[in-house]
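Here are the chains, one letter per residue:
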Amino acid sequence: RKEVEQDPGPFNVPEGATVAFNCTYSNSASQSFFWYRQDCRKEPKLLMSVYSSGNEDGRFTAQLNRASQYISLLIRDSKLSDSATYLCVVALGDSNYQLIWGAGTKLIIKP
Amino acid sequence: EAGVTQSPTHLIKTRGQQATLRCSPISGHTSVYWYQQALGLGLQFLLWYDEGEERNRGNFPPRFSGRQFPNYSSELNVNALELEDSALYLCASSLAGGASEQFFGPGTRLTVL
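Procedures and definitions
- Along each chain, numbering runs from 1 in the same order as the chain's sequence is written.
- To label them, take the chains in the order written and letter them from A, then take the ligands in the order written and number them from 1.
- Local features in this predicted model are restricted to residues whose pLDDT is 70 or higher, and side-chain atom pairs enter the listing and the counts only when it is 80 or higher, whereas totals over whole chains, interfaces and linings include all residues.
- Only heavy atoms go into the side-chain values, all of them from the structure, while hydrogens and water stay out.
- Helix numbers and strand numbers start at the N terminus; a helix is a DSSP run of H or I with at least 4 residues, a strand a run of E with at least 2.
- By the criterion applied in these results, polar contacts are pairs of N or O atoms within 3.5 Å in which, for protein atoms, one can donate a hydrogen and the other can accept it, and in which residues neighboring in sequence qualify only through two side-chain atoms.
- Any pair of residues with heavy atoms lying within 4.5 Å of one another is described as a contacting pair.
- Put simply, two rings from Phe, Tyr or Trp (the six-membered ring, in Trp's case) pair if the centres are within 6.5 Å, and we call them stacked under 30 degrees between planes, edge-to-face over 60, tilted for the rest.
- Accessible area is worked out with a 1.4 Å probe on protein chains only. A residue is then buried under 20% of its type maximum, exposed over 50%, and partly exposed in between.
- Each pair of strands is called paired provided DSSP finds at least two bridges between the two strands.
- Between the N-to-C directions of two axes lies an angle of 0 to 180 degrees, each axis being a line fitted to C-alpha atoms and, for a helix, fitted only over the stretch in contact.
- We call a set of buried Ala, Val, Leu, Ile, Met, Phe, Trp, Tyr and Cys residues a nonpolar core when their side-chain atoms join them within 4.5 Å.
- Cysteine sulfur pairs qualify as disulfides if the two atoms are within 2.5 Å.

A. How the structure looks around the side chain of Thr105 of chain A. All names here are of chain A. Following the sequence through the fold, Thr105 ends up in strand 11 (residues 105-110). Among the polar contacts made by the side chain of Thr105, one reaches the main-chain carbonyl oxygen of Asp7 at a distance of 2.5 Å. If near-sequence neighbours (up to four positions away) are discounted, Thr105 is found in contact with Gln6, Asp7, Pro8, Phe11, Phe21, Ala84, Thr85 and Tyr86.

Set out below in structure tokens:
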């Protein structure tokens, strides 16, 4: 089982729709969670961190469910510019901690 | 503020050769990370350097190595290149190690013929 799993998609969504992605992680000791965005042939960029209480940034909402070991990303009122690959990232908390990256979910927003 | 820079942008080598990739972190960042991203695949963690020391490495053979210099810039060396080493190599830096937000450079696209 992969440490961080995402549905690779692609998710084809009409402009203005709401779309949600889930990401599951296997290590219950995971302590930090992030969503990154990667445009085609570009480098990943941090979209948002995911806090235990959930957090919102404009049209984007991130949630963490520790009991079920998954995080989610909700995009409301999707824009054409939201088309990208969304990477789920999990960090362990031990002394050698590093970020574990999911393979990404591809989102295509259609006009 | 300048972002993470990487050189070269593209690199073409043949099997068995050696490749050297370079990365300069954001000013003030002490941690540098290297990732490999093969076409259509996710990021695979290669190496993490902090304060000149290798802190962790991913599941890659020893022919992947690197170092971090006193100015925190870093070099990734790949020896005895194989065709499957063809990928985008991304460097990232962060203020502190481990789980801190990472800022990525544009990458070096390595092609092995």
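B. Representation of the packing of aromatic side chains within the structure. As enumerated under the stated definition, the model contains twelve aromatic pairs over all chains in all. Seen in terms of ring centroids, Tyr36 of chain A and Phe104 of chain B are 6.1 Å apart; in terms of plane orientation they differ by 85 degrees. Their pairing is edge-to-face. With one member in each of two chains, Tyr36 of chain A in strand 4 (residues 32-38) and Phe104 of chain B in strand 10 (residues 103-104) form a pair that bridges those chains. Under the relative-accessibility criterion, Tyr36 of chain A is labelled buried at 0%. You can call Phe104 of chain B buried: its relative accessible area is 7%. The interplanar angle of 85 degrees and the centroid separation of 5.4 Å between the aromatic rings of Trp101 of chain A and Phe104 of chain B together place this pair among those described as edge-to-face. Separated into two different chains, Trp101 of chain A in strand 10 (residues 99-101) and Phe104 of chain B in strand 10 make up a pair that spans both. Judged by its relative accessible area of 8%, Trp101 of chain A is buried. An aromatic cluster is defined as three or more aromatic residues linked by ring pairs; in this entry it consists of Phe34, Tyr36 and Trp101 of chain A together with Tyr35, Phe45 and Phe104 of chain B.

C. Geometry of the sheet that holds strand 3 (residues 19-24) of chain B. Residue and element names in this part refer to chain B. Here we have four strands laid out as an open sheet, ordered 1-3-8-7, and antiparallel in their pairing. Each end of this open sheet is capped by a strand with a single partner; those strands are strand 1 (5-7) and strand 7 (64-68). Neighbour to neighbour, the strand axes of the sheet diverge by 15 degrees on average, direction disregarded. Direction of pairing for strand 7 relative to strand 8 (residues 74-78): antiparallel, over a ladder of five bridges. Paired with Gln68 across the bridge in strand 8 is Ser74.

D. The nonpolar core, seen in detail. Residues Phe21, Trp35, Ile71, Leu73, Ile75, Tyr86 and Leu107 of chain A are the most contacted members of the largest nonpolar core, which totals 23 residues. Taken together, the elements giving at least two residues each to this core come down to strand 3 (19-25), strand 4, strand 5 (44-50), strand 7 (60-65), strand 8 (70-75), strand 9 (84-91) and strand 11 of chain A. Apart from the residues lying within four places of it in its own chain, the contact partners of Phe21 of chain A are Phe11, Trp35, Ile71, Ser72, Leu73, Ile75, Tyr86, Thr105 and Leu107 of chain A. By size, the runner-up hydrophobic cluster in this structure holds 21 residues, among which are Val4, Leu21, Ile26 and Phe60 of chain B.

E. Main features of the state of the cysteines. Counted under the stated rule, the structure contains two disulfides over all chains. The side chain of Cys23 of chain A participates in a disulfide bridge whose partner is Cys88 of chain A; the two sulfur atoms lie 1.9 Å from each other. Looking along the S-S bond of the Cys23 of chain A-Cys88 of chain A disulfide, the torsion reads about -70 degrees, which is the left-handed sense. Of this pair, Cys23 of chain A sits in strand 3 while Cys88 of chain A sits in strand 9, placing them 65 residues apart in sequence. Take Cys23 of chain A: its relative accessible area is 0%, and that puts it in the buried class. At a sulfur-sulfur separation of 1.8 Å, the disulfide partner of Cys23 of chain B is Cys91 of chain B. Here the S-S torsion is close to -60 degrees, and the disulfide linking Cys23 of chain B with Cys91 of chain B is therefore left-handed. Of the two residues, Cys23 of chain B sits in strand 3 while Cys91 of chain B sits in strand 9 (residues 87-94), which places them 68 residues apart along the sequence. The same class applies to Cys23 of chain B and to Cys91 of chain B, which are both buried.

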